[in-house]
Amino acid sequence: MRIAFFDAKPYDMPGFDRYAAEAGLELKYFETRLNEDTVSLAAGFDGVCVFVNDVVNQAVIERLHELGVKVIALRCAGFNNVDTRAAYGKIHVFRVPAYSPYAVAEHAMALLLTINRRTHKAYMRTKDFNFSLSGLTGFDLHGKTVGVIGTGKIGRIFADICRGFGMKILAYDKFPNPESGLDYVNLDDLFAQSDIISLHCPLNEETEHLINADSIARMKQGVVIVNTSRGGLVDTEALIEGIKSKQVGAACLDVYEEEGDLFYEDYSGHIVRDDKLVRLIAMPNVLVTSHQAFLTEEALENIAQTTVENLVKFSNGIPSPDTEVCYRCPRAEDCRKERSGKCF
Ligand code: NAI
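Residues numbered from 1 in each chain as written. Predicted model: local features only at pLDDT ≥ 70, side-chain atom pairs only at ≥ 80, totals over all residues. Heavy atoms only, no water.

What am I meant to see in the site of the ligand here?
Neighbouring the ligand are 25 residues, the closest being Tyr-99, Lys-153, Ile-154, Asp-173 and Thr-228. In this structure, Lys-174 approaches the ligand through a main-chain N or O atom, which is 3.5 Å from a nitrogen atom. Between the ligand and Arg-230, the relevant distance is 3.3 Å, taken from an oxygen atom to a side-chain nitrogen or oxygen of the residue. Across the complex, the protein chains shield 90% of the 860 Å² of accessible surface that the ligand would expose by itself. For the shell around the ligand, the per-class residue count stands at ten nonpolar, eight polar and seven charged. Both of domain 1 (2-99 + 297-340) and domain 2 (101-288) provide at least three residues apiece to the shell around the ligand. (Near = heavy atom within 4 Å. Polar contact = N/O pair within 3.5 Å; in protein donor to acceptor, adjacent residues only side chain to side chain. Areas by Shrake-Rupley, 256 points an atom, 1.4 Å probe, with all protein chains shown as cover. Nonpolar A, V, L, I, M, F, W, Y, C, P; charged D, E, K, R; others polar. Domains from an automatic or database assignment.)

Where do I start with the pattern of salt bridges in this structure?
Should the charged atoms of two oppositely charged side chains come close, the side chains can pair. Under the defined criterion, the tally for this structure stands at 16 salt bridges. Lys-70 is the salt-bridge partner of Asp-46, the closest N and O atoms lying 3.7 Å from each other. On the criterion of sequence distance, the pair formed by Asp-46 in the loop between β2 (26-29) and β3 (47-50) and Lys-70 in the loop between α2 (58-66) and β4 (71-74) is long-range, its members being 24 residues apart. The salt bridge involving Asp-195 is made with Lys-220; its shortest N-O contact spans 2.9 Å. Of this pair, Asp-195 sits in the loop between α7 (187-193) and β8 (196-199) while Lys-220 sits in the loop between α8 (213-217) and β9 (223-227), and the two are 25 residues apart along the sequence. Judged by relative accessible area, which is 32%, Lys-220 ranks as partly exposed. One continuous salt-bridge network, built from bridges that share partners, spans Asp-7, Lys-9, Arg-33 and Glu-265. (Salt bridge = Lys/Arg side-chain N within 4 Å of Asp/Glu carboxyl O. Helix = DSSP H or I, 4+ residues; strand = E, 2+ residues; numbered from the N terminus. Buried < 20%, exposed > 50% of the residue type's maximum accessible area, 1.4 Å probe, protein only.)

Can you walk me through the nonpolar core in this structure?
Most often, soluble globular proteins keep nonpolar side chains buried together rather than apart. By size, the foremost hydrophobic cluster in this structure holds 53 residues, and its most contacted members are Phe-16, Leu-34, Val-48, Val-56, Ile-61, Leu-64 and Ile-72. When contributions to this core are tallied by element, the ones reaching two or more residues are β1 (2-5), α1 (13-23), β3, α2, β4, α3 (84-87), β5 (92-94) and α11 (297-315). It is α11 that provides the largest number of residues to this core, a total of six residues. With residues up to four places along the chain from it excluded, the contact list for Leu-64 reads Leu-34, Val-39, Ala-42, Val-48, Val-69, Ile-72 and Ile-91. (Core = buried A, V, L, I, M, F, W, Y, C linked by side-chain atoms within 4.5 Å. Contact = heavy atoms within 4.5 Å.)

Structural data, given as structure tokens:
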């Protein structure tokens, strides 16, 4: 199999080179992202390997299909950037459902600790021999209530971490897990009672702008919002208004609605034209990281291993029901994977 690997970064290559060599896969790395302008680069390849900000919309999928591409291997968990309905029946789509949920959950806590205890500011100050503590006051996490939205792999680990801090945990999930031992409440109660709200659900039609002007108005004043899931879960304008009015006390954002054109690239020395992002970054109680929650050695290793396994299994006609996705996922009543192991 020949695979066109889009949006390649130096940290991707060591693991992928090793696993691909062992499996006899030929990878060609392209630094550019996959989108309507670059899709022709996939000519002559059997598959494409893509990441979170590659654009795999209907037009791209139709062109990939014309080019004879048979498989899209996402090297990430979320698949909201792939038009799975357009791909259905034409191109199989695989993802890496879990590469290190610890990486993301731990990053969410790192963001929360940083924004609360201002360690990012303290670091800069002491580097400059400024030992003043003014403006660095935080609050104890112990005894606070955290609302966890989405209690899958990452949300549950985040809840465990919070429990270790002595926090009270409220959970909301469309499909609550009765074995999780979590205290499930409805969204209204979670919004009303949480001091901190952390998002761990997927982005889809139902969850888009889950955090909006209306939901922010129903939250506790001074709530801290943590989003390590997908930018589209938060209505950015509403968040900015919430912070300006002090209804939102702080925001930790590893993801951003319009991150596709910016994140993973170095724009230092440029004028960034995204006024909403610039506004957020300029706010003292907002911490932005550029979709790096996944970035641990363990996660990179697991991503490379599972992605190559997905491609090898596909090539050999072996079903991979745990990693193949389609527009019916998750939990469709008439899921074909239950019967044949494949989405189609
Ligand atoms: P998961 O599939 O294990 O859990 C997602 C949970 O969300 C499930 O329990 C599901 O029932 C729930 N859910 C689905 N629809 C919902 C709705 N409408 N309302 C509330 N809950 C709903 O996924 P996992 O591995 O825990 O990942 C969660 C999200 O984290 C992913 O969707 C992805 O967007 C994001 N992510 C971010 C990364 C980063 O680097 N920042 C890396 C990996 C994942």
